[in-house]
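# Commentary on secondary and tertiary structure
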Amino acid sequence: MKKKWSAYVLFLLPLLVLFVVLGFLAVGLTLDKTKVPSPLIGKLAPAFTLPTVFNPDKTITFSKLKGKPVVFNVWASWCVSCRQEHRFLEKLAHLSIAKACGKPTAERNKRRLVGLYGLNYKDQRDAAQGFLKRLGNPYIASAHDLAGRVGIDWGVYAVPETFVVDKKGFVRYKYIGPINDVVIERELIPLLCKLDQEP
Amino acid sequence: MKILLARIVLVFGLIFSFTAIAVTKTDDSFGNKNTEVRFRNLVKDIRCMVCQNQTLLDSKAPLAVDLRREILAMIDQGKSDKEIINFLVERYGDFVLYNPPLKSSTILLWFGPLLFLLIGLVTVIVLVARRRNAAEETITAAERSKLDKLLSDCDKD
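From a predicted model like this one, the values you see are computed outputs, not experimental measurements. The residue numbers shown here count from 1 along each chain, following its written sequence. Throughout, the order in which chains and ligands are written sets their labels, letters from A for the former and numbers from 1 for the latter. Totals for whole chains, interfaces and linings use all residues, but because this is a predicted model, local features are given only for residues with pLDDT of at least 70 and pairs of side-chain atoms are given and counted only at 80 or more. No hydrogens and no water enter the side-chain calculation; it runs on all heavy atoms of the structure.

Take the pattern of salt bridges next. A side chain with one charge may pair with a side chain of the opposite charge, provided their charged atoms come close. Within this document, salt bridges are pairs made up of a side-chain nitrogen of Lys or Arg and a carboxyl oxygen of Asp or Glu, the two lying within 4 Å of each other. This structure, assessed with the given rule, holds 14 salt bridges over all chains. A salt bridge links D66 of chain B to K122 of chain A; the shortest N-O distance between them is 2.3 Å. Taken as a pair, D66 of chain B in helix 3 (residues 62–76) and K122 of chain A in the loop between strand 4 (115–121) and helix 4 (125–135) lie in two separate chains rather than in one. Taking relative accessible area as the criterion, D66 of chain B reaches 4% and is therefore assigned buried. Among the salt bridges present, the one from R149 of chain A reaches E70 of chain B, with a minimum N-O distance of 2.9 Å. Linking R149 of chain A in helix 5 (residues 149–153) with E70 of chain B in helix 3, this pair reaches from one chain into another. Using a relative accessible area of 29% as the deciding quantity, one classes R149 of chain A as partly exposed. Connected through salt bridges with shared partners, the residues R149 and D153 of chain A together with E70, E90 and R91 of chain B form a single ionic network. Under the DSSP-based scheme used, a helix requires at least four consecutive residues in state H or I and a strand at least two consecutive residues in state E, with every element numbered from the N terminus. Each residue is placed in one exposure class: buried if its accessible area under a 1.4 Å probe, protein chains only, is under 20% of its type's maximum, exposed if it is over 50%, and partly exposed if it falls in between.

On to the pairing of strand 3 (residues 70–75) of chain A. All names here are of chain A. Of all six residues making up strand 3, six are buried, and the element is well covered by its neighbours. The side-chain alternation of strand 3 yields two buried faces, one formed by V70, F72 and V74 and the other by V71, N73 and W75. Here six bridges tie strand 3 to strand 4, and the two strands are oriented parallel to one another. Across the sheet, N73 pairs through a bridge with G118, a residue of strand 4. Here strand 3 runs beside strand 6 (residues 161–165); their pairing, made up of five bridges, is antiparallel. Its bridge partner lying in strand 6, V71 is registered against V164. At least two DSSP bridges between two strands are needed for those strands to be called paired.

Written as structure tokens, this is what we have:
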């Protein structure tokens, strides 16, 4: 009797191993290896001061952008996916808290949900200006990172990248690749509404 | 036949000449030999985040060029290898290292092969032991007499 039982085990074992291997393969296939989690999440956003795209004499100091959640989008005129995500950025920039978070309080009615800032990464100033003039400018301001040094501090490696920074200046979220309606609805809006509630 | 052989040699020569260029051509200049050796040793174990199966030494991606320049500048500033690696890990995560650090999330990665070796060893030991036991199995007196009877029956035929 005992022998029969062990024969079944021997028979089923390869099948079991096969399923384990298949499981690993299935997970491996669905993982996107190009999207590496950012070690910046939970840390203070890297500080920088850079000239703006439209005015070389005017600078942006990132650490001063406090009081409201900031969406920080890394873009370039040479980046095709940036063109693709541009209209979604326009949409994101114009969202009001009342509309997005479902809070029709009178005083909050007109307040925008986010401060959208850009980091113009390794781009020529005139090309960047042309891009925004042609397609529209969703950003409150864009910092001009010609050398890409600030990009390195933010761990940028695949433009476009989108960071969410909370009111206190901590990085809370990063999305690599062009954002779209799904990312805005499922990830950005819930997070931004939550961050808006935080002190 | 000779032409075919020559063609094959040519094709392989062309294929491998690219890797030769990729390895030797770097766009960095070195002050001295020590810096160069240190730089190369450091950079060959770092992943290029843009083309993820290339090292920072091989890659021609613009980010790789920038990072090589940053690393060289840090060496010139007298930073230690550890400081430079920390600089990269802080920005790009452990994924940037081809030699992953030993921590709770990488235990399976480090000791997985050992685990499989142990499983294999235990399996072999159990199988061998079982086979030996089977060989040493003895028969009882009753079985012995039955066997003898059978054998003598065979002789009669």
